[in-house]
Amino acid sequence: MPALPWYHCTSIYQIYPRSFYDGNQDGIGDIQGIIQKLDYIKDLGLETIWCSPFFASPQADFGYDISNYTDISPEYGALDDALQLIAAVHQRGLKIVFDMVMNHTSSEHPWFKESRSSRNNPKADWYLWKDPRSSPGRRGSRSTPEATGGQVPNNWQSVTGGSGWHYAPERDQFYWASFLPFQPDLNYRNPVVKKTMFDIVRFWLAKGVDGFRLDIFNYIYKDAAFRNNPFTFDLIPTEANPSGFFQKAQYTLNQPENFDFARELRGVCAEFCEKLLLGEVSGNHSVIRQFMGAEKNDGLTQVFDFGMMDFKFSASYFRDLIQDIEKHFPAPFMPVYVFSNHDRARSISRLDGDIRKAKLLHLLQLTLRGVPCMYYGEEIGMTNLRLPFATALDPIPHKFQSIPRFVFDMLGMTMNRDEVRTPMQWNGGKNAGFSPAGKTWLPVHPNYKAVNVEKESRDANSLLNTLRSILKIRKEQAALREGNLIWMDNLPGGILGYKRQTDKDEITVVLNFTEKKSEFQLAEEGLQSLFQLSGEDSFNAGRLKLNGLSGMILRMVNK
Ligand code: GLC
Ligand code: CA
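Residues numbered from 1 in each chain as written. Chains lettered and ligands numbered in written order. Predicted model: local features only at pLDDT ≥ 70, side-chain atom pairs only at ≥ 80, totals over all residues. Heavy atoms only, no water.

### Remarks on the packing of helix α6 (residues 191-206) against helix α7 (residues 256-270)
1) Next: Where α6 contacts α7, the two axes come as close as 10 Å, and the packing angle between them is 40°. The angle between α6 and α7 places the two elements in the oblique class. In this structure, α6 crosses over α7, and the sense of that crossing is right-handed. Listed contacts from α7 to Lys-194, Phe-198, Val-201, Arg-202 and Leu-205 of α6 are Phe-261, Glu-264, Leu-265, Val-268 and Cys-269.
2) Next: In the contact of α6 with α7, the residues fall into seven nonpolar, no polar and three charged. (Axes fitted to C-alpha atoms, helices over the stretch in contact; angles between N-to-C directions. Helix = DSSP H or I, 4+ residues; strand = E, 2+ residues; numbered from the N terminus. Parallel < 35°, antiparallel > 145°, perpendicular 65-115°, else oblique. Left-handed = near helix turned anticlockwise from the far one by under 90°. Contact = heavy atoms within 4.5 Å. Nonpolar A, V, L, I, M, F, W, Y, C, P; charged D, E, K, R; others polar.)

Next comes the structure, spelled out in C-alpha cells:
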C-alpha cells in the first residue's frame, strides 16, 4: 500500500483568530496570541491548523471581506507576525493553512473602488458588472434605486437571500455579490484577475504556508451568458441542495469552469511542494466530488461536506452517511469529517450538551477513513451562546430581523454566527483567560467556569483528555490514518462497527449509539482492546460488553 500524501492523513484544528487568544490585551484575539497557544494544539494532537482570515479587511464580515490579500489587519498583527506564526508552527512539526477568499473582495478593496469609478478604468472588468435590465446601455440616470427587482439584470439570488445585484450610480450598472453587498464577486473570466489571484496564492506559498481553506469555492464562476435561474419549489436551502427561495441555483454555482479552476489551482500549488487545498463547497456528494477530480485526485485535495453538520445522532444515520461517502470518495480520494465551524451551531449544542455523546461522536470522527476537522473549543465542549439579533456584530442576522426568532429555532438554523464565535475558554479566571482586557469583542460564555481547558486538563475523564488519548492512538496506529474501511455486519441494532486495514495492521472500532448496555460476540480472533470510552466496557475471549453511549478501539495482534 503506497504511503498517503501528508494532507490525506492529517487532522485539522480550525482557529477563529479573533476569538482564540488575545496576546496584547485589547479584547481581540491576535496572531501573537495564536503563537502562544501552539503548544496546546501540539499537545492536543491535532496536526494542521487552519486560521480563518486575518488579512487586511474592514471586518464587515470579520475578515471574509479582504481589502489587501498580502497584508495583515492591524488588530491581528503585521506581516512579520504571520511569518513568525508559520515558522513557529513548523518548528513544532505542525502544518498551517490560511483561509483564501477568492470569490470576492471587500467593496473597500482598492480594486473595487477603481472598478466602480467608471466604465472604462483599467479595472472596469475585474468584477461582474451588468446594465440595468429595463433600459440596457442607458446613461446618465443618477436616481435609480438600489436593486428592488425591476431593473436588476436577471433573477439571480444571493446566498443570503434577495437579489445579489447592487446598483452603483457611478457606472449606472449593477455589480454581482454572491454573499453580502459589501463582498463583490471577482470576474475570473478576465485572465488578469485570475493571474493576480494565483500570484497571491504563490505569494503565501512562497512564505511557507502548507495550503489553503478556500472560501465559498463553488461560487467562483457564474454563467457566462447570465441566464436566469429556473424556478423550483425549494424554499429553504439545505447543505445537499443549495437551491432555495424558489430558485434553482443552476447558473450561479458549481459551473463546469469551476471544476477546471480547481485543477488549475492545484497546478499552481504543484510549483511548490505538496499543499493542502480544502474547498468550502456545497451540493450532494457526487457534485462536491467533482472539485477533487474525475478519476485522479488532481483538483482540490479535499472538500468539506456540510451535510454532516446536520447529523442525527444515530447509528443508522452515520451508517448511511459513511457508506455514501465511501462510495463517492474511494481512494485515492479522501473525505473530511467535520461537525462544527464558525458559521454553524457547535456540535455539542446539537447533542443536548451531553459529553458522552460528544465523546462518541469524536471517537467516530477520529477513527474513520478521512481527515477530521475540529473547531476551536469543540475539544472542550464549548456550547453556543444565545445572543439577540438586534445587537449582533455578525451582519447576517440584521438581514432577518423582521422574521420572528422562533422560525429559525424551529428550522434549527443558527442565524447569528456570533453565538458560535465566543472567546476560547482557557481557564476559570477573568474573561475565561482569553484576555485580561475590560471588555472582550464578544461576550465570554457564562459556562466558562465549568467548561475550560485548565479544568478539563486535570480531569482524566474529560472530553479534552479523551480526545488527546484518541488522537495519540490515531498517531500510533497507521491503520487509523491510512487504512481502508471495511464494514462489520450483523452487529446488534444501534451499534456501528468497522475495521481499518493496511497490509500490516488491522484496527476494529465499535460504537454503541444507544443509551442501553450492549453485549455481543466478535467473530475474529486475536483482538485486543486498545481504548474504551467507559470504565465499565470490557472485552474478553471475543465477548464485548459496551456501556450505553460508549465505544471501543481494538487491535488485531500478530496480523
Ligand atoms: C463562507 C465563510 C463565512 C463568510 C462567507 C462569505 O461561508 O465561512 O464565514 O461569511 O463565506 O465570505
Ligand atoms: Ca489583541
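Let's pick the thread back up.
### Observations regarding the coordination of the calcium ion (ligand 2)
1) Next: Around the calcium ion (ligand 2), the protein contributes the donor atoms Asp-22 (OD), Asn-24 (OD1), Asp-26 (OD), Ile-28 (O) and Asp-30 (OD), which lie 2.2 to 2.3 Å from the metal centre.
2) Next: Along the chain, the residues donating to the calcium ion (ligand 2) fall in the pattern D-x1-N-x1-D-x1-I-x1-D.
3) Next: What makes Asn-24 partly exposed here is its relative accessible area of 47%.
4) Next: Ile-28 gets classed as buried once you look at its relative accessible area, which sits at 15%. (Donors = N, O, S within 2.8 Å, 3.2 Å for Na, K, Ca; no water. Buried < 20%, exposed > 50% of the residue type's maximum accessible area, 1.4 Å probe, protein only.)

### Details of the site of ligand 1
1) Next: What surrounds ligand 1 is a group of 13 residues, the closest being Asp-61, Asp-215, Glu-280, His-342 and Asp-343.
2) Next: Taking Arg-213, its side chain carries an N or O atom lying 3.0 Å from an oxygen atom of ligand 1.
3) Next: Measuring from an oxygen atom of ligand 1, one finds a side-chain N or O atom of Arg-417 at 2.9 Å.
4) Next: Its free accessible area being 310 Å², ligand 1 has 97% of it covered by the protein chains.
5) Next: Of the residues assigned to the shell around ligand 1, the class counts are three nonpolar, three polar and seven charged. (Near = heavy atom within 4 Å. Polar contact = N/O pair within 3.5 Å; in protein donor to acceptor, adjacent residues only side chain to side chain. Areas by Shrake-Rupley, 256 points an atom, 1.4 Å probe, with all protein chains shown as cover.)

### Section: unusual backbone geometry
Keep in mind that most residues, glycine aside, have a negative phi and that most peptide bonds are trans.
1) Next: Residue Ala-331 is joined to Pro-332 through a cis peptide bond whose omega torsion reads 10°.
2) Next: Topologically, Pro-332 is positioned in the loop between α9 (315-328) and β12 (336-338).
3) Next: Even without being glycine, Phe-226 reaches a positive phi, approximately 55°.
4) Next: As for its placement among the helices and strands, Phe-226 is situated in the loop between β9 (211-214) and α7.
5) Next: Under the relative-accessibility criterion, Phe-226 is labelled buried at 18%.

### Things to note about the pairing of strand β16 (residues 506-512)
1) Next: Within β16, seven of the seven residues are buried, which leaves it mostly tucked inside the rest of the structure.
2) Next: By the alternation rule, side chains of β16 split into Glu-506, Thr-508, Val-510 and Asn-512 and Ile-507, Val-509 and Leu-511, which are all buried.
3) Next: Note: strand β15 (residues 495-501) against β16, seven bridges, orientation antiparallel. Of the residues in β16, the one forming a bridge with Tyr-498 is Val-509.
4) Next: As consecutive antiparallel partners, β15 and β16 are separated by four residues.
5) Next: Inspection of the sheet shows β16 paired to strand β21 (residues 551-556) by five bridges, in the antiparallel sense. (Pairing = 2+ DSSP bridges.)

No statement about biological role is implied by the geometric values presented.
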